[in-house]
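Architecture and fold: a report
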Amino acid sequence: MAVYTDVSFDEAGALARELGLGNLLAMEGCHSGIENTNYFIDTEQGPYVLTVFERLNFEQLPFYLALMKHLAARGLPVPDPATNPAGVYLHTLHGKPTTVVNRLPGSSALAPTQAHCAAMGGMLARLHLGAADFPRCQANLRGLSWWNETVPLILPCLDPQQVVLLRSELAYQNHVAASASYAALPGGPIHADLFRDNVLFVAPPAAGAADRPPVLGGIFDFYFAGVDRWLFDIAVALNDWCVDLGSGACDQERSTAFLSAYSGQRRLTGAERALLPAMLRAGALRFWISRLWDLHRPRAARMLKPHDPGHFERVLRQRLASLA
């Protein structure tokens, strides 16, 4: 959890009024996320989230905000950026880009069942299809180019076995990315960070609740989104929703539920099925690198607690072991 920029009640209140949300009633720093400063704010028009962006700039952000508006307009449960009377949804606080979005209902399913995974798989396919005609294009900023730039900076912080694994896996992913089979993978805008804590489920009414499937209330935190292969997005989600958190091992029943539901909305191509093991490794590598970066190259922040990079090292080793 992190707060890098302290926003006062008066500053947040002025922005809320500019956006036509009425007076600010309450605000508190969010206890999640490590990339941006987030505040939960309650206004006369309802609950919202105020985000001050710490890494993304004014040139990059229109892609993310426009993508959310695009998906929201198609009825998908994603945050919808609030606009001022001129239709502007990107603002400035403390010299940094800022936006306000509606707060989605529900809570995260941190111990997901097969039913949760099925709901997520089906919704991810809907997101991919819903974004397929999105006109803007921006690369996945935490994709292969970033891995190649970042790995040399963190290698001095690792033990010899980790260095060998990181170097060999990065070389393998560069090889895969240069292949004809990778070029054949379909793609478009992806979420790229679809972890269980970025998805909300709404509890059904108590009466008969045990017999009803979970209701997905919303997907948020699109600020790692970019144009990439859809299969990479699937792999990132599978590596979080469908693994044992202690060992990093794949939970086959949850994985099957996820992929079956996804395929019910969009059938995987032959190239995707063939490269799924490679992309599962890629998804684990991406988050191992970023967590190592956050641990060894931290930014000063109030309420900051970096995620454990060892988890995705274990996931990567388990994905490799499954191929032996």
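A brief structural summary. Predicted model only: the values in this text are computed from it and were never measured. (Residues numbered from 1 in each chain as written. Predicted model: local features only at pLDDT ≥ 70, side-chain atom pairs only at ≥ 80, totals over all residues. Heavy atoms only, no water.)

Describing the nonpolar core
Core analysis: the largest hydrophobic core is formed by 80 residues, its most contacted members being Met-120 and Leu-166. By residue number, the principal contributor to this core is helix α9 (residues 270-296), which donates 13 residues. Apart from residues lying up to four places away in sequence, Leu-166 is in contact with Val-151, Ile-154, Leu-155, Leu-158, Leu-285, Trp-288, Ile-289 and Leu-292. Counting 15 residues, the second largest nonpolar core, distinct from the first, contains Val-7, Leu-24, Leu-50 and Ala-82. (Core = buried A, V, L, I, M, F, W, Y, C linked by side-chain atoms within 4.5 Å. Buried < 20%, exposed > 50% of the residue type's maximum accessible area, 1.4 Å probe, protein only. Helix = DSSP H or I, 4+ residues; strand = E, 2+ residues; numbered from the N terminus. Contact = heavy atoms within 4.5 Å.)

Some details on helix α1 (residues 9-18)
For α1, the set of buried residues is Ala-12, Gly-13, Leu-15 and Ala-16. Each buried residue of α1 lies within a common arc of 165° when the element is viewed along its axis, so the set occupies one face. Lining the buried residues of α1 we find β1 (24-29), β2 (37-43), β3 (46-52), β4 (91-93) and β5 (96-102). Backbone geometry just after α1 places Gly-20 at a positive phi near 75°. (Arc of directions from axis to C-beta.)

Focus: the sheet that holds β2
Strand order in the open sheet formed by five strands is β1-β2-β3-β5-β4, with antiparallel pairing between adjacent strands. Where the open sheet ends on each side, the last strands, each with one partner, are β1 and β4. Taken over all neighbouring pairs, the strand axes of this sheet differ in orientation by 35° on average, direction set aside. As paired strands, β4 and β5 are joined by three bridges and run antiparallel to one another. By the bridge assignment for β5, Leu-93 is matched with Lys-96. (Pairing = 2+ DSSP bridges. Axes fitted to C-alpha atoms, helices over the stretch in contact; angles between N-to-C directions.)

Details of the packing of aromatic side chains
Considering all chains together, one arrives at nine aromatic pairs under this definition. Taken together, a centroid distance of 6.2 Å and an interplanar angle of 45° make the contact between Trp-147 and Phe-232 tilted. Placement of Trp-147 in helix α4 (residues 144-154) and of Phe-232 in helix α7 (residues 230-241) is noted, with a sequence separation of 85 residues between them. Residues Phe-195 and Phe-312 carry aromatic rings whose centres are separated by 5.7 Å and whose planes lie at 40° to one another, so their mutual orientation is tilted. Residue Phe-195 is found in the loop between β6 (187-190) and β7 (199-202), and its partner Phe-312 is found in helix α10 (residues 310-321); the two are separated by 117 residues along the sequence. With a relative accessible area of 8%, Phe-195 lands in the buried category. An aromatic cluster of three or more residues is present, and its members are Phe-53, Phe-63, Tyr-64, Phe-134 and Tyr-223. Positioned above the aromatic ring of Tyr-172, the side-chain terminus of Arg-281 is 3.8 Å from the ring centre. Seen from the ring of Phe-224, Arg-286 lies directly overhead, with NZ or CZ sitting 5.0 Å from the centre. (Phe/Tyr/Trp six-rings, centres within 6.5 Å; stacked < 30°, edge-to-face > 60°. Lys NZ or Arg CZ within 6 Å of the ring centre and 35° of its normal.)

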